[in-house]
Amino acid sequence: MANPSAADTTRWLARLPWIAQLGPEVAAALAATAEVRALARGEVLWSRSSRPDALVAVRRGRLDVVRASARGDRMLLRCYGPTELLGLSTIGGAEATADVVAAEASAVVVLRGAEVRSTLVARPQAALSALAQLGELVGRLTDEIEELRFADLDTRLLRALARRGRGLVELRVTHDELAQQVGATRENVSRALKRLESRGLLRRRRGRIELFHQKHGAG
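These figures come from a predicted structure and were not determined experimentally.

Q: Explanation requested: helix H8 (residues 186-198) in the structure shown.
A: Given a rise of 1.5 Å per residue, 13 residues ought to cover 18 Å, and the 18 Å separating the end C-alpha atoms of H8 matches this to within 8%. Where H8 is buried, its residues touch helix H6 (153-165), helix H7 (175-182), strand S10 (202-205) and strand S11 (208-211). Directly after H8, the chain includes Gly200, whose backbone phi takes a positive value near 80°.

Have a look at this one:
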């Protein structure tokens, strides 16, 4: 995919919920200094403990936020898809708390921290909106921590698939990825998916899962 023009990037940014409320002039100012990057599958956008000082909008594909243990075990913390933003904490000076990796061929728009900060300083309402987004993220993460501790594996899998699918009926995901996301072994995930399929909640395909509970309202 060829690099989009500044005008195209401006139009795309202006459609994002957080930026749309700021007006086309702000979208144009952010686009003027933005970097549009194409990422290959597996490419690291930034690493844990780095200071990227940037806000990233996913234009195409998917970014995974992952942490790895000293043994090399991998935990998938969050997935970001098209039009979603990540990096609100890093533009405040915080270190990245995990690696951000392209789960598939992706394109992102990287907004410079300095430009975003000047926007927030000039528009207090935008800063409040950014804080609200961070609060919502903390709330979702708290729910997911509670889920990991108290919910059974079948329930955790269904909820993880629903979050990952974002309303899609069919999604591409491997058993390994799901295991990393729900804190289980690949074998236990495979058995749980078989149970869910027997209950008519999904259908397993090679590298794909069809979610009947989303399409038909079951579950």
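So that's the structure; there's more coming.
Q: Help me understand the sheet that holds strand S9 (residues 170-172) in this model?
A: As a general point, the strands of a sheet are linked pairwise by backbone hydrogen bonds and lie either parallel or antiparallel. Taken in spatial order, the 3 strands make up an open sheet running S9-S11-S10, and their pairing is antiparallel. The two strands at the open ends of the sheet, each matched to only one other strand, are S9 and S10. When the angles between neighbouring strand axes are averaged without regard to direction, this sheet yields 20°. Note: S10 against S11, 4 bridges, orientation antiparallel.

Q: Help me understand the environment of Thr90, please; the structure alone is not making it clear to me.
A: Structurally, Thr90 is set in the loop between strand S6 (85-86) and strand S7 (99-102). Among the residues examined, Thr90 registers a relative accessible area of 4% and is labelled buried. Between the alpha carbons of Thr90 and Glu210 there is a distance of 36 Å; along the sequence they are 120 residues apart. Setting aside anything within four residues of it in sequence, one finds Thr90 in contact with Pro52, Asp53, Ala54 and Ala96. A polar side-chain atom of Thr90 sits 2.9 Å from the main-chain carbonyl oxygen of Gly87.

Q: Explanation requested: the pairing of S11 in the structure shown.
A: For a regular strand, side-chain orientation follows a simple rule: the groups alternate between the two sheet faces. As paired elements, S9 and S11 share 3 bridges and run antiparallel to each other. Note on S11: the bridge partner recorded for Leu171 is Ile209. Between S10 and S11, which pair antiparallel in sequence order, lie 2 residues; one of them, Gly207, sits at a positive phi of approximately 75°.

Q: Explain the sheet that holds strand S2 (residues 44-46) to me, please; I cannot follow it from the model alone.
A: Sheet architecture is open: 4 strands sit in the order S2-S7-S4-S5, paired in antiparallel fashion. Both edges of this open sheet fall to S2 and strand S5 (74-80), since each of them pairs with a single strand only. If you compare each strand with its neighbour and ignore which way they point, the axes differ by 35° on average. Two elements, S2 and S7, share 2 bridges in a ladder whose sense is antiparallel. The residue of S7 that forms the bridge with Val44 is Val101.

Q: I'm lost on the pattern of salt bridges in this one. Help?
A: One side chain can pair with another of opposite charge once the charged atoms of both are near each other. Enumeration according to the criterion identifies 20 salt bridges in this entry. With a shortest N-O distance of 3.5 Å, Glu43 and Arg37 are connected by a salt bridge. Among the salt bridges present, the one from Arg62 reaches Asp64, with a minimum N-O distance of 3.0 Å. Side by side, Arg62 and Asp64 carry an identical accessibility label, which is buried. Within the structure, one salt-bridge network assembled from shared partners comprises Arg78, Glu144, Glu147, Arg159 and Arg163.

Conventions we followed
- Residues numbered from 1 in each chain as written.
- Predicted model: local features only at pLDDT ≥ 70, side-chain atom pairs only at ≥ 80, totals over all residues.
- Heavy atoms only, no water.
- Helix = DSSP H or I, 4+ residues; strand = E, 2+ residues; numbered from the N terminus.
- Expected span 1.5 Å × (residues − 1).
- Contact = heavy atoms within 4.5 Å.
- Pairing = 2+ DSSP bridges.
- Axes fitted to C-alpha atoms, helices over the stretch in contact; angles between N-to-C directions.
- Buried < 20%, exposed > 50% of the residue type's maximum accessible area, 1.4 Å probe, protein only.
- Polar contact = N/O pair within 3.5 Å; in protein donor to acceptor, adjacent residues only side chain to side chain.
- Salt bridge = Lys/Arg side-chain N within 4 Å of Asp/Glu carboxyl O.

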